[in-house]
Amino acid sequence: MADRGLGQRTSLWLHPNSTRLKEELDAYQTTSCGETRTLWGLSVAVAASLQKKPNASTFPIVDWTPIAMDHLEQGAAGADVPGFRDCEDIRKSGFNKDGVYTIFVPNMNQPRRVFCVMDTSGGAWTLIQRRENGAVDFKRSWQEYKQGFGDPAGEHWLGNEVVHQLSSSANYSLRVEMEDWQGNTFYANFGYFQLDSEKEFYRIYLDKDSGISTRQGRLILRSNNFSTHDADHDNCGCNCAVIMSGGWWFDSCGPSNLNGVYYSADQYKQKINGIRWDHSSSSNISGPTIFSLRTSRMMMRPLHS
């Protein structure tokens, strides 16, 4: 098979023990990557073929996605595809820089770009959601929330199906981080987290909460079905996704919705359809929030035994 250029060497991927592969990868080590800051999921199979443990100094930051796509499309049906399942797999393989990587999600046919937060103290986080500047419209359909949208390097939703497959393949925890327009930051942790299947409306299951996770003794985010404007599965006679905007686990609309409308610094006050995580006041947070937040991100990582 002919060499089709950087990021398209199908023959190299399919024959990882070839001398040519090693020569090409060695050549990449001296190739300048400019301002590129993302790494597209280097397969464990490639590292094994070189008899090296992958790390940031051995492998450069290049786009590996087209190679992986070729392998998936042309490989034998039902064959196992080696690769990283989540960001923790990537961290364990020697990478320790935050950024965009590619993972191979269980029971899904295509590799997936994700943003990884490499927390070396407790394991790497795979981002589910990020809001930071309003660049991406989160008023989306059921299908869009299922598949995911946005750019993993910026604002995005990873996709309910991806999160379901990951959280069903191992035990995961969830962390939610937020910042208000006064610069106050706060978080909520859930020691157990799982998303059910589409058949069960991507119902969220949470347990072992800590941080700013409750208001007046009740969870701010509870185990509810996911809803969008075109798929109403909430516990309200109304359609919460239409009233509150975005897609979320609304309950009876409820005290949280991190996928609401992004409001700017001069418009965020008293916005019921904004980015909300309503909580009781504390010493480091400026009172109960019915205001729209400035930033948020949700992320998951496997539990360690």
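So, how was this worked out
Residues numbered from 1 in each chain as written. Predicted model: local features only at pLDDT ≥ 70, side-chain atom pairs only at ≥ 80, totals over all residues. Heavy atoms only, no water. Disulfide = S-S within 2.5 Å. Helix = DSSP H or I, 4+ residues; strand = E, 2+ residues; numbered from the N terminus. Buried < 20%, exposed > 50% of the residue type's maximum accessible area, 1.4 Å probe, protein only. pLDDT = per-residue confidence, 0-100. Contact = heavy atoms within 4.5 Å. Salt bridge = Lys/Arg side-chain N within 4 Å of Asp/Glu carboxyl O. Core = buried A, V, L, I, M, F, W, Y, C linked by side-chain atoms within 4.5 Å. Phe/Tyr/Trp six-rings, centres within 6.5 Å; stacked < 30°, edge-to-face > 60°. Polar contact = N/O pair within 3.5 Å; in protein donor to acceptor, adjacent residues only side chain to side chain.

Applying the stated rule across the entire model yields three disulfides. The partner cysteine of Cys87 in its disulfide is Cys116, sulfur to sulfur 1.9 Å. Residues Cys87 and Cys116 are joined through a disulfide that is left-handed, its torsion about the S-S bond being -80 degrees. Taken together, the positions of Cys87 in helix 5 (residues 87–92) and Cys116 in strand 2 (residues 112–117) put the pair 29 residues apart, joining distant regions of the chain. Accessibility assignment for this pair places Cys87 and Cys116 in one class, buried.

Further remarks concern the confidence of the model for the protein chain. The predicted coordinates of low-pLDDT regions are not to be read in fine detail. For the protein chain, the average pLDDT comes to 78, and 70% of its residues sit at 70 or higher. Here residues 1–81 is a poorly scored stretch, pLDDT under 50, and it has 121 contacts once near neighbours within four places are set aside; other chains count.

A few words now on unusual backbone geometry. At Phe201, a residue that is not glycine, the phi angle is positive and equals roughly 60 degrees. Within the secondary structure layout, Phe201 lies in the loop between strand 7 (185–195) and strand 8 (204–211). By relative accessible area, which is 33% here, Phe201 ends up partly exposed.

We now examine the environment of Tyr192. With respect to the element layout, Tyr192 can be found in strand 7. For Tyr192, a relative accessible area of 27% puts it in the partly exposed group. The spatial distance from the C-alpha of Tyr192 to the C-alpha of Met300 is 9.8 Å, given a sequence separation of 108 residues.

All told, the structure shown has 12 salt bridges when counted by the stated rule. Put simply, Glu177 and Arg175 hold a salt bridge, and the shortest N to O gap is 2.7 Å. Take Arg175: its relative accessible area is 18%, and that puts it in the buried class. The salt bridge partner of Asp278 is Arg215, with a shortest N-O separation of 3.9 Å.

On to the nonpolar core, then. The biggest cluster of nonpolar side chains holds 52 residues, and the ones touching the most others in it are Trp157, Phe193, Trp249, Leu258, Trp277 and Met298. Ignoring anything within four residues of it in the chain, the contact list for Trp157 reads Ile128, Gln129, Phe138, Tyr145, Gly148, Phe149, Phe226, Trp249, Asn259 and Met298. The next biggest cluster of nonpolar side chains, apart from the first, holds six residues, and it includes Val100, Val117, Leu127 and Met299.

What characterises a pair of aromatic rings is the spacing of the ring centres plus the angle enclosed by the ring planes. Per the stated rule, a full pass over the model turns up 15 aromatic pairs. Centre to centre, the rings of Tyr145 and Trp157 are 5.5 Å apart; their planes meet at 75 degrees, and the pair counts as edge-to-face. Of this pair, Tyr145 sits in helix 6 (residues 142–147) while Trp157 sits in strand 5 (residues 156–157); the two residues are 12 residues apart in sequence, bridging distant segments of the chain. Trp157 matches Tyr145 in its accessibility class, with the two residues each being buried. Ring geometry for Trp181 versus Tyr268: centroids 5.9 Å apart, planes at 25 degrees, classification stacked. Remark: Tyr268 occurs in the loop between strand 11 (256–257) and strand 12 (276–277) and Trp181 occurs in the loop between strand 6 (172–179) and strand 7; sequence separation between them is 87 residues. Judged by its relative accessible area of 22%, Trp181 falls in the partly exposed class.

Moving on, we come to the side chain of Glu155. Mapped onto the secondary structure, Glu155 falls in the loop between strand 4 (149–150) and strand 5. Side-chain polar atoms of Glu155 contact the backbone nitrogen of Val136, separated by 2.9 Å. Each residue touching Glu155, except ones within four places of it in the same chain, is listed here: Arg130, Arg131, Glu132, Asn133, Gly134, Ala135, Val136, Phe138, Gly150 and Tyr262.

Judged by how many residues are buried, helix 7 (residues 160–169) sits mostly within the fold: eight of 10 residues are covered. Turning to helix 7, its buried residues are Asn160, Glu161, Val162, Val163, His164, Gln165, Leu166 and Ser167.

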